[in-house]
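Observations on the model geometry
Next come the chains, spelled out residue by residue.
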Amino acid sequence: MIIAANLKTNLTRKQTSEYIEELENYLKKSDSTQEVLVFPATSSLDSFDGGVTVGAQNAYATKNGAFTGEIGLDHLDEFSIKTILIGHSERRHILGETQTTIIEKFNFYKNLGFKIVYCVGEPLEKREAGKDEMMEYISSQYEGIDTEYENLIIAYEPVWAIGTGLTPTLEDIQQIHSELKIKSKAPLLYGGSVKVTNAKEVLALENVDGILVGSAALYAEHFCSMISYADQLTNKQER
Ligand code: 13P
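Our subject in this report is the structure included herewith. Owing to the predicted nature of the structure, the values given are computational and were not obtained by experimental measurement.

A short note on the site of the ligand
Near the ligand lie 13 residues; those nearest to it are Lys8, His88, Gly163, Ser193 and Ser215. Note that an oxygen atom of the ligand is positioned 2.8 Å from one of the side-chain N or O atoms of Lys8. Between the ligand and Gly214 there is a distance of 2.9 Å, counted from an oxygen atom to a backbone nitrogen or oxygen. For the ligand, the protein covers 99% of the area, taking 310 Å² as the surface of the free molecule. When each cavity is represented as a set of grid points, the ligand is found to reside in the second largest pocket. Residue classes in the shell around the ligand are distributed as four nonpolar, seven polar and two charged.

Topic: the sheet that holds strand 2 (residues 35-39)
Taken in spatial order, the eight strands of this open sheet run 3-2-1-8-7-6-5-4, and their pairing is parallel. Bordering the open sheet on either side are strand 3 (53-54) and strand 4 (83-86), each of which pairs with just one other strand. Packing of helix 1 (residues 13-30) onto the sheet brings it into contact with strand 1 (2-6), strand 2 and strand 3, and relative to strand 2 it is tilted by some 175°. Here helix 7 (residues 170-183) sits on the sheet and contacts strand 5 (115-120), strand 6 (152-156) and strand 7 (188-191); the angle it forms with strand 7, its principal contact strand, is near 145°.

What to know about the side chain of Gln99
Within the secondary structure, Gln99 sits in helix 4 (residues 99-111). Among the polar contacts made by the side chain of Gln99, one reaches the side chain of Tyr118 at a distance of 3.1 Å. Aside from chain neighbours lying at most four places away, what touches Gln99 is Arg92, Tyr118, Ser140, Gln141, Tyr142, Glu143 and Ile145.

Quick notes on unusual backbone geometry
Phi is positive for Leu11, which is not a glycine, with a value near 65°. Within the fold, Leu11 resides in the loop between strand 1 and helix 1. Taking the relative accessible area as the measure of exposure, Leu11 reaches 22% and is therefore partly exposed. For Asp31, which is not glycine, the phi dihedral falls at a positive 60°.

Points about empty space enclosed by the protein
Any empty space left between atoms is shown by rolling a water-sized probe over those atoms. Under the defined criterion, the tally for this structure stands at one cavity of 30 Å³ or more. In this model, the largest cavity occupies a volume close to 30 Å³. If you go around the largest cavity, the residues you meet are Gly87, His88, Ser89, Arg92, Cys119, Val120, Gly121, Gln141, Glu157 and Val159. Elements with a minimum of two residues in the lining of the largest cavity: helix 3 (89-93) and strand 5.

Notes on the pattern of salt bridges
Pairs may arise between side chains of opposite charge once their charged atoms sit close together. Scanning the entire structure with this criterion turns up 13 salt bridges. A salt bridge links Arg13 to Asp46; its shortest N-O distance comes to 3.1 Å. Of this pair, Arg13 sits in helix 1 while Asp46 sits in the loop between strand 2 and strand 3, and the two are 33 residues apart along the sequence. For Arg13, a relative accessible area of 41% gives the class partly exposed. Linking Glu179 and Lys131 is a salt bridge whose minimum nitrogen-to-oxygen distance equals 2.6 Å. Placement of Glu179 in helix 7 and of Lys131 in helix 6 (residues 131-140) is noted, with a sequence separation of 48 residues between them. Its relative accessible area of 37% is what places Lys131 among the partly exposed residues. Among the ionic contacts, a cluster of salt bridges with common partners joins Arg91, Glu97 and Lys105.

Conventions and cut-offs
Residues numbered from 1 in each chain as written. Predicted model: local features only at pLDDT ≥ 70, side-chain atom pairs only at ≥ 80, totals over all residues. Heavy atoms only, no water. Near = heavy atom within 4 Å. Polar contact = N/O pair within 3.5 Å; in protein donor to acceptor, adjacent residues only side chain to side chain. Areas by Shrake-Rupley, 256 points an atom, 1.4 Å probe, with all protein chains shown as cover. 1 Å grid on protein atoms, 1.4 Å probe; cavity = no way out; pocket = protein on both sides within 12 Å on 5 of 7 lines; lining within 4 Å. Sits in = over half its atoms within 2 Å of the grid points. Nonpolar A, V, L, I, M, F, W, Y, C, P; charged D, E, K, R; others polar. Pairing = 2+ DSSP bridges. Helix = DSSP H or I, 4+ residues; strand = E, 2+ residues; numbered from the N terminus. Contact = heavy atoms within 4.5 Å. Axes fitted to C-alpha atoms, helices over the stretch in contact; angles between N-to-C directions. Buried < 20%, exposed > 50% of the residue type's maximum accessible area, 1.4 Å probe, protein only. Points joined across faces, edges and corners; volume = space filled by probe spheres on them. Salt bridge = Lys/Arg side-chain N within 4 Å of Asp/Glu carboxyl O.

Shown next as structure tokens:
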């Protein structure tokens, strides 16, 4: 399974390196077989050796150039970063990123072979507008995206569930995931208020290939517990 932490605008460079060290120690000790991804704040990116894959939360579709406030491929290459989060709802809804910009980023980093965690999910008004409208909205976020790209991971994150403590029911998650699996066979993560208390039941659902965790992942200990749940579920399947 894929267990991913989006650290957002949290943890300084020093805190991030301590955090990743804690995860690395855990992975070594536990012999975990999970794919662990961590997306630190841009200023905390660095070269990290070990089992944790470090990715960027955002980068501009450029090698370098005049794009004030942005980073480009050169900055990711400096730390051998080959993983990127694209289309997160905070970039779409708070920072105003359009589907056109998102497609541009997607194609740029796809052509470089990056592992792309591509986020989709509906805001509350679309959920309340009924199933058809909601699925239509989510479908529009697949437009222009190569859903067969080999290094693609999709994360379904309902906007209203992010940072709110609210989550869809397990039945809802399973149902939406089964519909999204028809659109793309890529591994599909669930994100939005995943906590230590609900991670295991979410991970156990059919068509859930992992989780993308925000606030609860800020505590390395909690995040490691989630990795251990995935290990427990994986071991059970193998038996
Ligand atoms: P929370 O886990 O804080 O709800 O955030 C989820 C998220 O946005 C991960 O990308």
